[in-house]
Structure formats: structure tokens, C-alpha cells
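Fold and geometry: a report
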Amino acid sequence: MKKVAIRALFVGAVAFGATAAYAAAQPAQGQQSAQTPKGWSYTIKDGKRVPKGNRVTNPDGSWREELKQGNCVTVKEKSASGEYKESRQCDKPS
């Protein structure tokens, strides 16, 4: 009886280890070919989040960012005093 219990414990430990190894290997494979979903405001480059827009930051802390979505351009601006402004302009499709 003791042999059967030890064998069952060993098989269970091996199965648990194999499951853990398989689960750990899955995200690593998915990250290589994963694309950033459309609604997200950033892309992933070298494992880091990078904003999609073209942001220019000034030495005083103010910044301006242009983000293109189809025929529309969204301009986001923040002044050095903290005032945030966002505007959107869409061109009519031809």
C-alpha cells in the first residue's frame, strides 16, 4: 500500500510540474507575435509601452501630441501650468 501511495504522489508531482511549465511557456510565445489591440493608445516596442501619437515635450514641461485615427487627427496639448486642451479635426472622405 505504501508503494502505491508513493507512486501516486510522484505521478501527481510530475503532472503538477508539467502543467506549471506549460502555463509559464504560453505567455512567452504569445508576446512574440501579439499585436496591440486597435483601441489601445500605445504600442509595445522592446517590451515597453510607447504612445502611438507623435508627442513633443518642451523643457518647461508642456507637450503637444498629434494622433491620427483614419481621416481624423486629434491634437492633445498641455501647458506648463497644467492646462489640458484636446481638439479633433476630421477630413471628409473623397
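Residues numbered from 1 in each chain as written. Predicted model: local features only at pLDDT ≥ 70, side-chain atom pairs only at ≥ 80, totals over all residues. Heavy atoms only, no water.

A few words on the pairing of strand S5 (residues 72-78). As paired elements, strand S4 (residues 63-69) and S5 share seven bridges and run antiparallel to each other. What sits directly across from leucine 67, in S5, is threonine 74. What sits between the antiparallel neighbours S4 and S5 is a turn of two residues, in which glycine 70 has the positive phi angle 65°. With antiparallel pairing between neighbouring strands as the criterion, S5 and strand S6 (residues 84-90) make up a hairpin whose turn holds five residues, including glycine 82 at a positive phi of roughly 105°. (Pairing = 2+ DSSP bridges. Helix = DSSP H or I, 4+ residues; strand = E, 2+ residues; numbered from the N terminus.)

Right, let's talk about the environment of tryptophan 63 for a bit. For tryptophan 63, the position within the fold is in strand S4. Note on tryptophan 63: relative accessible area 15%, which makes it buried. C-alpha of tryptophan 63 to C-alpha of lysine 78: the two residues are 15 residues apart in sequence and 5.4 Å apart in space. Once residues lying within four places of it in the same chain are set aside, the contact partners of tryptophan 63 are Arg55, Val56, Thr57, Lys76, Glu77, Lys78 and Tyr84. (Buried < 20%, exposed > 50% of the residue type's maximum accessible area, 1.4 Å probe, protein only. Contact = heavy atoms within 4.5 Å.)

The final tally for this structure, using the stated rule, is four salt bridges. The salt bridge involving arginine 55 is made with glutamate 65; its shortest N-O contact spans 3.1 Å. Linking arginine 55 in strand S3 (residues 54-57) with glutamate 65 in strand S4, this pair joins segments that are 10 residues apart in sequence. With its nearest N and O atoms 3.3 Å apart, the salt bridge here joins arginine 64 to glutamate 66. Given the relative accessible area of 36%, arginine 64 is considered partly exposed. Residue classification places glutamate 66 among the partly exposed residues on the basis of a relative accessible area of 36%. Through salt bridges with shared partners, one network takes in Arg64, Glu66, Glu77 and Lys85. (Salt bridge = Lys/Arg side-chain N within 4 Å of Asp/Glu carboxyl O.)

Before going further, it helps to spend a moment on the side chain of serine 62. Structurally, the position occupied by serine 62 is in the loop between S3 and S4. Classification of serine 62 by relative accessible area gives buried; the value is 10%. Reaching out from serine 62, the side chain makes a polar contact with the side chain of aspartate 60 at a distance of 2.7 Å. When near neighbours in sequence (up to four residues on either side) are disregarded, serine 62 contacts Val56, Thr57, Lys78, Ser79 and Ala80. (Polar contact = N/O pair within 3.5 Å; in protein donor to acceptor, adjacent residues only side chain to side chain.)

Moving on: a nonpolar patch on the surface. A cluster of nonpolar side chains, Phe10, Val11 and Val14, forms an exposed patch at the surface whose accessible area comes to about 310 Å². Of note, phenylalanine 10 is situated in helix H1 (residues 2-33). On the accessibility criterion, phenylalanine 10 (58% relative accessible area) is exposed. (Patch = residues over 30% accessible without salt bridge, like charges linked within 9 Å, V, L, I, M, F, W, Y side chains within 5 Å. Areas by Shrake-Rupley, 256 points an atom, 1.4 Å probe, with all protein chains shown as cover.)

According to the stated counting rule, one finds one disulfide in the structure shown. Between the sulfur atoms of cysteine 72 and its disulfide mate cysteine 90 the distance is 2.0 Å. Its torsion about the S-S bond being 105°, the disulfide of cysteine 72 and cysteine 90 is classed as right-handed. Highlighted residues: cysteine 72 in strand S5 and cysteine 90 in strand S6, separated in sequence by 18 residues. (Disulfide = S-S within 2.5 Å.)

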